[in-house]
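Structure at a glance
Chain residues, written in single-letter form:
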Amino acid sequence: MESRYYLGIDLDDSNAVISYYTTEKKEPETVSPIAGSELFQIPAVLTKKRGIGQWFIGEDAKKLAALQGNECCENLLTKAINREKVLVEEMCYEAEELLALFLKKLLLLPGRLGGGRRADKLAITLESLSERAVELFLNVTAQLGFSPEQLMLLDRRESFYYFAYSQKEELWLHDICLFDCRGEKVHCALVERNQRTVPQMITLTEKEGVLSTEDKDGSFLAFLQEVFAGRVISGVYLTGGGFEGDWMKRSLAFMCRGRRAFIGKNLYSKGACHAAFAREHPDLWQFVYMGENELKLNVSLKVENHGHTELFSLLDAGTSWYEAQGECEVILAEEPEIDFWLQLPGSREAKVEKLNLVDLPERPKRASRVRITAKPVSDSAVRIQIKDLGFGEFFKSSDKVWEYVMSIEGGAGWEN
């Protein structure tokens, strides 16, 4: 297998955690700015040294800001998503520009350990995704020299999915639980695997609990009992600053009764590394994840290829609908119409949508070539664009374009 180098970053307004992974390693490694330390969280702040164009990040930025008597540039992620501006030494900066600068300096950390090797793929995990966040990171990472194909964006739930199913099989043989505690709230992600589908379909159910200030241990124990009731749990994972301290007694004893439990703050960045590897090696990955950002339907065309009728896949369920796009060129056999097959994952039945190309110029049979582009507009709807390409020098293109939006529920409709 060709040697590949992956970087995974977990990022929010407070901290960043960065891990790196090569195909020669068994497990991703997480970078600490302090050699030999397991303090992996790097404060997501930036400070400029007064009077010169030198910037610092993390704890170094906090120390410099305290020394200079000024504030750090904070909340860079939210400000960049909202297209805000930040004033530093009477100069106005785009928050997107400062976020790019922070990431540029962050990416230098694993380079010190990896001999300066450049990453083949960069995976960034956020608390949640949006179209604006995708647009932002495409812009930011382009400034850092990464192409869109080298960037992968995922939310923390999907990152956990990749992390969990990259572990030993005994840890995911049954259901898996993630508990993320930040402050008084505990967010639970319960992950289930359907062994009857190929590939095996993974679904995630979320719950939220609140820790009592009077009895954190007791309230967490009650939440665990609620989540685990009637289920066989193989592995339990804890992350987030709320689990710091020696307060888990009864809850920990219950959690580890017949189950393996792990705690750490670098789970998401490691999961991002595993995700980057899995996306490049789909033949080695036997699962498909159906989260809120994943496309919920397969879109195919029935085509004739060298005398054989077959289904050509345009879009596959389980891929991120923000990133997915399918394209092909076909020659129309007879009528100016195309059948699209929409199918839910795990289902044997398909819904067929027949799209008519109104006003397509009349030509002989098999003398009209069209380009079909499929792009999701949500996790359950797809925009189809069909463009007339003509047929070489014999029939010029009319440049006509037809657009439809289709879904399993609503069928197809013209896009205005």
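Values in this document were obtained by computation on a predicted structure and should not be read as measured data. (Residues numbered from 1 in each chain as written. Predicted model: local features only at pLDDT ≥ 70, side-chain atom pairs only at ≥ 80, totals over all residues. Heavy atoms only, no water.)

Topic: the confidence of the model for the protein chain
In this model, the protein chain carries an average pLDDT of 91, and 97% of its residues clear a pLDDT of 70 or more. No element of the protein chain has a lower mean pLDDT than strand E25 (residues 411-414), which averages 60, and none a higher one than helix H2 (residues 76-81), which averages 98. (pLDDT = per-residue confidence, 0-100. Helix = DSSP H or I, 4+ residues; strand = E, 2+ residues; numbered from the N terminus.)

Quick notes on the packing of helix H6 (residues 156-164) against helix H10 (residues 267-280)
Helices that pack against each other are described as a pair by the angle of their axes relative to one another and the distance between those axes. Running from N to C, H6 and H10 point in directions that differ by 70 degrees, and their axes come no closer than 7 Å. Here H6 is positioned roughly perpendicular relative to H10, judged by the angle of their axes. Residues Arg 156, Glu 158, Ser 159, Phe 160, Tyr 162 and Phe 163 of H6 form the contact with H10, whose participating residues are Leu 267, Tyr 268, Lys 270, Gly 271, Ala 272, His 274, Ala 275, Ala 278 and Arg 279. Tallied by class, residues from the contact of H6 with H10 come to 8 nonpolar, 3 polar and 4 charged. (Axes fitted to C-alpha atoms, helices over the stretch in contact; angles between N-to-C directions. Parallel < 35°, antiparallel > 145°, perpendicular 65-115°, else oblique. Contact = heavy atoms within 4.5 Å. Nonpolar A, V, L, I, M, F, W, Y, C, P; charged D, E, K, R; others polar.)

A look at the pairing of strand E10 (residues 151-155)
For E10, the buried fraction is high: 5 of the 5 residues fall into the buried class. When strand E9 (residues 121-126) meets E10, the two strands line up parallel, connected through 5 bridges. Pairing of Leu 122 across the sheet is with Leu 151, part of E10. The handedness of the E9 to E10 crossover, carried by helix H5 (residues 131-143), is right-handed. (Buried < 20%, exposed > 50% of the residue type's maximum accessible area, 1.4 Å probe, protein only. Pairing = 2+ DSSP bridges. Right-handed = clockwise from strand over helix to strand, strands pointing away.)

So, the packing of aromatic side chains
The full count for this structure, using the stated rule, is 25 aromatic pairs. Note on Phe 179 and Phe 223: the rings are 6.0 Å apart at their centroids and 75 degrees apart in plane angle, and the pair reads as edge-to-face. With Phe 179 in strand E11 (residues 175-182) and Phe 223 in helix H8 (residues 216-228), this pair connects stretches of sequence that are 44 residues apart. In terms of burial, Phe 179 and Phe 223 fall into one category: buried. With a centroid separation of 4.3 Å and 25 degrees between ring planes, the pair formed by Trp 321 and Tyr 322 is classed as stacked. Taking the relative accessible area as the measure of exposure, Trp 321 reaches 10% and is therefore buried. Site record: aromatic cluster; members linked through ring pairs are Tyr 161, Tyr 162, Tyr 165, Trp 172, Trp 285, Phe 287 and Tyr 289. The ring of Phe 254 carries the charged tip of Arg 259 above its face, separated from the ring centre by 5.1 Å. (Phe/Tyr/Trp six-rings, centres within 6.5 Å; stacked < 30°, edge-to-face > 60°. Lys NZ or Arg CZ within 6 Å of the ring centre and 35° of its normal.)

A few points about the sheet that holds strand E21 (residues 350-356)
On the basis of which strands lie adjacent, the open sheet formed by 4 strands has the order E18-E17-E20-E21 and antiparallel pairing. Strands with a single pairing partner mark the edges of an open sheet, and in this sheet they are strand E18 (308-315) and E21. Going across the sheet, the axis of each strand differs from the next one's by a mean of 35 degrees, ignoring polarity. Both strand E17 (residues 298-305) and strand E20 (residues 337-343) contribute to a ladder of 4 bridges, which runs antiparallel. Counterpart to Leu 301 in the pairing with E20 is Phe 340.

Section: the packing of helix H3 (residues 95-106) against H5
For the pair H3 and H5, the least separation of the axes is 9 Å and the interaxial angle reads 60 degrees. Between H3 and H5, the crossing angle belongs to the class labelled oblique. Remark: the crossing between H3 and H5 carries right-handed chirality. Mapping the contact onto sequence places Glu 96, Leu 99, Ala 100 and Leu 103 in H3 and Arg 132, Leu 136, Phe 137, Asn 139, Val 140 and Gln 143 in H5. Its residues placed into classes, the contact of H3 with H5 shows 6 nonpolar, 2 polar and 2 charged. (Left-handed = near helix turned anticlockwise from the far one by under 90°.)

Re the environment of Ser 234
With respect to the helices, strands and loops of the structure, Ser 234 is situated in strand E14 (residues 233-239). Separated by 57 residues in the primary sequence, Ser 234 and Cys 177 place their C-alpha atoms 8.4 Å from one another. In this structure, Ser 234 is in contact with Glu 170, Leu 171, Trp 172, Leu 173, His 174, Asp 175, Arg 259 and Arg 260, ignoring residues within four places of it in sequence. At 2.7 Å, the side chain of Ser 234 forms a polar contact with the backbone nitrogen of His 174. (Polar contact = N/O pair within 3.5 Å; in protein donor to acceptor, adjacent residues only side chain to side chain.)

Overview of the pairing of strand E23 (residues 381-390)
Most of E23 is tucked away: 7 of the 10 residues are buried. Counted along the chain from strand E22 (residues 369-376) to the antiparallel partner E23, the turn is 4 residues long. Looking at chain direction, E23 and strand E24 (residues 401-407) are connected through 7 bridges and run antiparallel. Across the sheet, Ile 386 pairs through a bridge with Trp 402, a residue of E24.

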